Protein chains: 2
Amino acid sequence: MRLEIFGVEGLAEIQEGDDLADLIAGAADLADGDVVVVTQKIVSKAEGAMAVVDPDDPLSHKSVVEQESVRVLRRRDDLVISETKHGFVCANAGVDRSNVAAGRAALLPDDPDRSARRIRAGIKARAGVEVGVIVSDTFGRPWRRGVADVAIGSAGVRPILDLRGTPDASGRQLQATEVAIADELAAAAEMVMGKAQGVPVAVIRGAHPAWLGPGSIQADLIRAPSEDLFR
Amino acid sequence: MRLEIFGVEGLAEIQEGDDLADLIAGAADLADGDVVVVTQKIVSKAEGAMAVVDPDDPLSHKSVVEQESVRVLRRRDDLVISETKHGFVCANAGVDRSNVAAGRAALLPDDPDRSARRIRAGIKARAGVEVGVIVSDTFGRPWRRGVADVAIGSAGVRPILDLRGTPDASGRQLQATEVAIADELAAAAEMVMGKAQGVPVAVIRGAHPAWLGPGSIQADLIRAPSEDLFR
């Protein structure tokens, strides 16, 4: 099995109201079965999911974070780890001022799965190809330093690859049986985007057909609080 | 930027004492700058990091998990989330019975960074190429369903890409500035290995030169308990 991952170059700075599907289909030569990973930042910009913040007043950013949080898990200094209305647990409720004009902060999209579905349908309409779409964001993790990209929305990509009941190579039942393939796709895509280069879209070519199918991040990838040992 | 990721096919079942570097260099046509990702399972097998368990006695597996844990964070039913001597927080202290002969369980390697260094040096000696090496394992995560591969050892790959001080595309300082590139490489590699196919090694070609360099997972990627809000 072989995957190819490449960034989509040449996208102009995204503005509110831009048609991302149209821009992506115009900038990349997409094929059936490709997975297109789009960073949250440009989805939020296109959808106008932005808040006004006073760059000179730290409380301004903080109050936006509080508004976007339904539950605070931890606080230390300026850092808040909280749960968003979508069920994501992340730093500062995903409110982010990098790669955004001064005086603005990007919020998470209202419904990132819906954002992914729209982009997927738009690419189908524009370029006639069936792709999977992931909306990705950059999250920290407990216990491990550094950040990594994860999927916050998906369309046409199964968030979880369910291998329960699959025998392993020695015929035993597998123990670790649900692979978060959407998160692995998002992490892989981040590597060709970088954080500073301004490449907000990547394509993964060669996806296994089993990865493509229905599902949503919010329904399938968020762990229910009742199953969660850390919430 | 473009990455290519492919599994290394044709490796025989690994036995204690096998020279992994030799086997990998023989099975794959490696090039300078490749990143070679090797699953923990075959490293543990080659190093003999195995325990004897009674397949009919659940307490037998449990007592191995206790032995391999320095601190238990959570317990529910048969699941233990604990910290290993290396500082990894994971399910069942990384003790794993899948893809292992009945009556055996694979432990984590004694020092996965050292394992990675040995494989890297062996590949250099055998094939004359300078590669980066990651030893990967499959971990669950709080808040999100499913598992994803992460790096538990590295050699010649920087665990963290430090972008602090790098301006973003609009000239602002980046907020999320330390990218866990070794974990992203491990997650990307998992996709071509699968859990059931028995492909325990993958190659990532096209790595950015900035990703290659010194560092160790234990020193650089494990979050110190004093900095950790969830330990």
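Residues numbered from 1 in each chain as written. Chains lettered and ligands numbered in written order. Predicted model: local features only at pLDDT ≥ 70, side-chain atom pairs only at ≥ 80, totals over all residues.

Counting residues at the interface gives 57 residues for chain A, matched by 57 residues for chain B. Mapped by element, the contributors of at least two residues to the side of chain A that touches chain B are β1 (2-7), β4 (69-76), β9 (147-155), β11 (178-179) and α5 (181-193) of chain A. Here the side of chain A that touches chain B takes 8 residues from α5 of chain A, the largest share from any one element. Looking at the side of chain A that touches chain B, its residues break down into 29 nonpolar, 9 polar and 19 charged. The pairing of β1 of chain A with strand β1 (residues 2-7) of chain B spans 5 bridges and is antiparallel. The residue bridging Arg-2 of chain A from the neighbouring strand is Phe-6 of chain B, located in β1 of chain B. (Contact = placed C-beta atoms within 7 Å. Helix = DSSP H or I, 4+ residues; strand = E, 2+ residues; numbered from the N terminus. Nonpolar A, V, L, I, M, F, W, Y, C, P; charged D, E, K, R; others polar. Pairing = 2+ DSSP bridges.)

Turning to the relation of the copies chain A and chain B, a few remarks are in order. Structural alignment of chain A on chain B gives an RMSD of 0.0 Å, achieved by rotating through 180 degrees and translating 0.0 Å along the axis. Seen this way, the second copy is the image of the first under a two-fold rotation axis. (Least-squares fit on C-alpha atoms with pLDDT ≥ 70 in both.)

Let us look at the environment of Val-53 of chain B. Within the fold, Val-53 of chain B resides in the loop between β3 (50-52) and α3 (58-68). Sequence-wise, Val-53 of chain B and Gly-103 of chain B are 50 residues apart; in three dimensions their C-alpha atoms are separated by 4.9 Å.

A common way to report how large an interface is uses the accessible area buried once the components associate. Residues and elements named next belong to chain A. Examined at the domain level, chain A breaks down into domain 1 (4-47 + 110-222) and domain 2 (50-108). Computed from C-alpha atoms alone, the centre-to-centre distance between domain 1 and domain 2 is 23 Å. Every contact between the two is made by 11 residues of domain 1 and, on the other side, 11 residues of domain 2. For the side of domain 1 that touches domain 2, the elements supplying multiple residues, two or more each, are α2 (40-47) and β8 (132-140). Examining the composition of the side of domain 1 that touches domain 2, we find that 4 residues originate from one element, α2, more than from any other. Here the side of domain 1 that touches domain 2 is composed, by residue class, of 4 nonpolar, 4 polar and 3 charged. (Domains from an automatic or database assignment.)

Turning next to the sheet that holds strand β6 (residues 89-91) of chain B. Residue and element names in this part refer to chain B. Across the sheet, 3 strands lie side by side as β4-β5-β6; this open sheet has antiparallel pairing. Each edge of the open sheet is held by one strand with a lone partner, namely β4 (69-76) and β6. Across the sheet, the mean angle from the axis of one strand to that of its neighbour is 25 degrees, orientation sign disregarded. (Axes fitted to C-alpha atoms, helices over the stretch in contact; angles between N-to-C directions.)

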